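# Inside the fold
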Amino acid sequence: MHLPPWFWFAAIVLISWGIVGLLQKLSTNYISAESSLIWLVVGFLLLQPFLYPGPAVFNYPARSLTWALLSGVLNALGAWALFAAMKSGGKASIVAPFTALYPLVVVLVAPVILHESISLLQGLGVLCALMAVFLLST
Amino acid sequence: MSTPATLKAKWFWYSILCVLSWGGWALLSKLGSKEIPADTMQFLFTFGALPVALVLLAARRFRLEKSPKGIGFAVLNGVLSGIGGLAFFAAFRSGGNTSVITAATSLYPMITVVLAVTILRERLTWVQVTGLGFAAAAFIIFSF
């Protein structure tokens, strides 16, 4: 069976972020959600020396650099909103599966912004994935 | 909770903000990865996340708990999140479909659930078992 390259990268994402899910639970057993997010960013910063692209970074188009920076802002904003939702009375059993539905935004918006279409089979896979994430986060 | 009450609840709107933010994050990750390699994307991404952490730090009046275990787990969390982020950007850069990659990578709670059962000795509910079934189905479909 020939698997596309993205599948292997996705497998690395699943394993590392799957362990992250466990570490999130372990860290919030000892410190607050906000502190966890702050120390998480410290963890990001530890990787920076290995990722430093040098002056070459300024050779990329300003538009792409903006997307990259904004992706970080939106990711952290989403994490903060999740913590805020739980802190303002939202039950974890409702908030977690609800917020896990973010791929739905991509499925709805990607065809318009990125002009991408998915096959019927891929659509079925996306549907199964959304159901899985919703149920697993409950 | 009835629907009108839910719509008035703060947590509901925070959750909506989270869904929209993470949806936007995934889309921008794809847009940025078209021209920028994965390691540089992760490098820039961190500078985007930094201001949010600083705002939270200021909101806590620069006082953080001093639990070495909690801090250790959270920092390790960041390192692994970063490694996962690298692979996330690399997946987009490899040219796959954005909707499919976002849906496939969002299946990570499957690994968390399996680890929670094996390491933390947590028990699975029948709802989670059903979720694992859907995750397996999604994987088989994506592998075609």
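Keep in mind it's a predicted model, so treat the numbers as computed, not measured.

### Quick look at the overall build of chain A
For chain A, the helix and strand inventory stands at six helices and zero strands. Counting from the amino terminus, helix and strand elements in chain A follow one another as α-α-α-α-α-α. Based on the C-alpha atoms only, the size of chain A along its principal axes is roughly 45 × 40 × 30 Å. Within chain A, buried positions represent 49% of all 138 residues. Long-range contacts, defined as pairs at least 24 residues apart, comprise 60% of the intrachain contacts of chain A with a sequence gap of at least 6.

### A few points about the overall build of chain B
Across its full length, chain B carries seven helices and zero strands. Written out in order from the N terminus, the α and β elements of chain B read α-α-α-α-α-α-α. Relative to a compact globule of 144 residues, whose C-alpha radius of gyration would be 15 Å, chain B shows 18 Å and is clearly more extended. Dimensions along the principal axes, computed over C-alpha positions, put chain B at roughly 50 × 45 × 40 Å. Taking all 144 residues of chain B together, 55% fall into the buried category. Partitioning the contacts of chain B with sequence separation of at least 6, the portion at a separation of at least 24 is 65%.

### Some remarks on the packing of helix 2 (residues 10–33) of chain B against helix 4 (residues 68–93) of chain B
All names here are of chain B. The geometry of helix 2 relative to helix 4 is characterised by a closest axis approach of 8 Å and an angle of 60° between their N-to-C directions. The interaxial crossing formed by helix 2 with helix 4 has right-handed handedness. Contact residues: helix 2 offers Ser29, Lys30 and Ser33, while helix 4 offers Phe88, Phe89, Phe92 and Arg93.

### Some words on the nonpolar core
Trp80(A), Ala129(A), Ala132(A), Ala91(B) and Leu107(B) are the most contacted members of the largest nonpolar core, which has 98 residues in total. At 15 residues, helix 3 (residues 62–87) of chain A tops the list of elements feeding residues into this core. Residue-level mapping places this core at the junction of two domains, with at least three residues from each of domain 1 (36–96) and domain 2 (107–144) of chain B. Not counting chain neighbours up to four residues away, the residues in contact with Ala91(B) comprise Trp6(A), Phe9(A), Ala10(A), Val13(A), Gly96(B), Ile101(B) and Thr105(B).

### What to know about the interface of chain B and chain A
Listed by partner, the interface residues are 98 residues for chain B and 100 residues for chain A. Among the elements of the structure, helix 2, helix 3 (38–59), helix 4, helix 5 (98–105), helix 6 (109–118) and helix 7 (126–142) of chain B are those that each provide at least two residues to the side of chain B that touches chain A. If you tally residues by element for the side of chain B that touches chain A, the top one is helix 2 of chain B, at 20 residues. Class assignment of the residues belonging to the side of chain B that touches chain A gives a composition of 61 nonpolar, 30 polar and seven charged.

### With respect to the confidence of the model for chain A
In this model, chain A carries an average pLDDT of 89, and 99% of its residues clear a pLDDT of 70 or more. Within chain A, the element-level pLDDT minimum falls on helix 4 (residues 92–99) of chain A, averaging 80, and the maximum on helix 2 (residues 33–51) of chain A, averaging 94.

### Concerning helix 7 of chain B
For helix 7 of chain B, spanning 17 residues, the distance from its first C-alpha to its last is 24 Å, which sits close to the expected 24 Å at 1.5 Å a residue. On the buried face of helix 7 of chain B, the contacting elements are helix 1 (5–28) and helix 6 (120–136) of chain A together with helix 5 and helix 6 of chain B.

### Observations concerning the environment of Phe83(A)
All names here are of chain A. Checked against the element boundaries, Phe83 lands in helix 3. In the structure, Phe83 is positioned 12 residues away from Val95 in sequence and 9.5 Å away in space, judged by C-alpha atoms. The residues contacting Phe83, other than those within four sequence positions of it, are Ala33, Glu34 and Leu37.

### Describing the packing of helix 4 of chain A against helix 2 of chain B
Relative orientation of the contacting elements helix 4 of chain A and helix 2 of chain B amounts to 25°, with a least axis distance of 9 Å. Our classification of the angle between helix 4 of chain A and helix 2 of chain B gives roughly parallel. For the element pair helix 4 of chain A and helix 2 of chain B, the recorded crossing hand is right-handed. Contacts between helix 4 of chain A and helix 2 of chain B pair Val95(A), Phe98(A) and Thr99(A) from the former with Trp11(B), Ser15(B), Cys18(B) and Val19(B) from the latter. Residues that form the contact of helix 4 of chain A with helix 2 of chain B fall into these classes: five nonpolar, two polar and no charged.

The rules we used
- Residues numbered from 1 in each chain as written.
- Chains lettered and ligands numbered in written order.
- Predicted model: local features only at pLDDT ≥ 70, side-chain atom pairs only at ≥ 80, totals over all residues.
- Helix = DSSP H or I, 4+ residues; strand = E, 2+ residues; numbered from the N terminus.
- Buried ≥ 20, exposed ≤ 12 C-beta atoms within 10 Å, placed from the backbone.
- Contact = placed C-beta atoms within 7 Å.
- Rg over C-alpha atoms; globule rule 2.2 N^0.38 Å.
- Axes fitted to C-alpha atoms, helices over the stretch in contact; angles between N-to-C directions.
- Left-handed = near helix turned anticlockwise from the far one by under 90°.
- Core = buried A, V, L, I, M, F, W, Y, C linked by C-beta atoms within 7 Å.
- Domains from an automatic or database assignment.
- Nonpolar A, V, L, I, M, F, W, Y, C, P; charged D, E, K, R; others polar.
- pLDDT = per-residue confidence, 0-100.
- Expected span 1.5 Å × (residues − 1).
- Parallel < 35°, antiparallel > 145°, perpendicular 65-115°, else oblique.

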